Amino acid sequence: MNNFKNKNIMITGASQDLGKLLSIELSKQGANLIMVSSSFSKLNTVLEKCKNKKKHKIYQCDFNSNLEINNLIDFLKKSFKNI
């Protein structure tokens, strides 16, 4: 039984440490990932390690910036019906 298959999951801090490990593992379990981090290049590296890369999206966001947070929210609303 796979509870994550085709589920939309957003992971913040996805470019390193626990976020990176979660991204790779949830990808193996069939989840649709939205991986967020302040480093676009590191996100690309994690994406390359994921299974079914086409099901995932990466987004660079600095959570210290209200403007970037609002842009992320707009991106999520346009890209997904639910998370």
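For clarity, every value in this text was computed on a predicted model and none was experimentally measured.

**Points about the nonpolar core**
If you look at soluble globular proteins, the nonpolar side chains tend to sit buried side by side. The biggest cluster of nonpolar side chains holds 13 residues, and the ones touching the most others in it are Ile9, Ile11, Leu26, Leu33 and Met35. Mapped onto this core, the elements with two or more residues apiece are strand S1 (8-12), helix H1 (17-28), strand S2 (32-37) and helix H2 (40-49). Here the element with the most residues in this core is H2; it accounts for three residues. Once residues lying within four places of it in the same chain are set aside, the contact partners of Leu33 are Ile9, Ile11, Ser23, Leu26, Ser27, Lys55, His56 and Lys57.

**As for H2**
Here H2 has its buried residues at Leu43, Val46 and Leu47. Here the buried residues of H2 occupy an arc of 105° about the axis, which is enough to place them on one side. Facing away from the buried side of H2 by over 90 degrees, the exposed positions are Ser41 and Glu48. Its buried side turned inward, H2 meets H1, S2 and strand S3 (57-60).

**What about the sheet that holds S1?**
Sheet architecture is open: three strands sit in the order S1-S2-S3, paired in parallel fashion. Where the open sheet ends on each side, the last strands, each with one partner, are S1 and S3. Here the strands of the sheet are splayed against their neighbours by 15° on average, with no regard to which way each runs. Where S1 lies against S2, five bridges are found, and the strand directions are parallel. What sits directly across from Asn8, in S2, is Asn32. Along the sheet, H2 contacts S2 and S3; its crossing angle with S3, the most-contacted strand, is approximately 165°.

Reading the values: rules and limits
Residues numbered from 1 in each chain as written. Predicted model: local features only at pLDDT ≥ 70, side-chain atom pairs only at ≥ 80, totals over all residues. Heavy atoms only, no water. Core = buried A, V, L, I, M, F, W, Y, C linked by side-chain atoms within 4.5 Å. Buried < 20%, exposed > 50% of the residue type's maximum accessible area, 1.4 Å probe, protein only. Helix = DSSP H or I, 4+ residues; strand = E, 2+ residues; numbered from the N terminus. Contact = heavy atoms within 4.5 Å. Arc of directions from axis to C-beta. Pairing = 2+ DSSP bridges. Axes fitted to C-alpha atoms, helices over the stretch in contact; angles between N-to-C directions.

Scope: geometric values only; no functional claims are made or implied.
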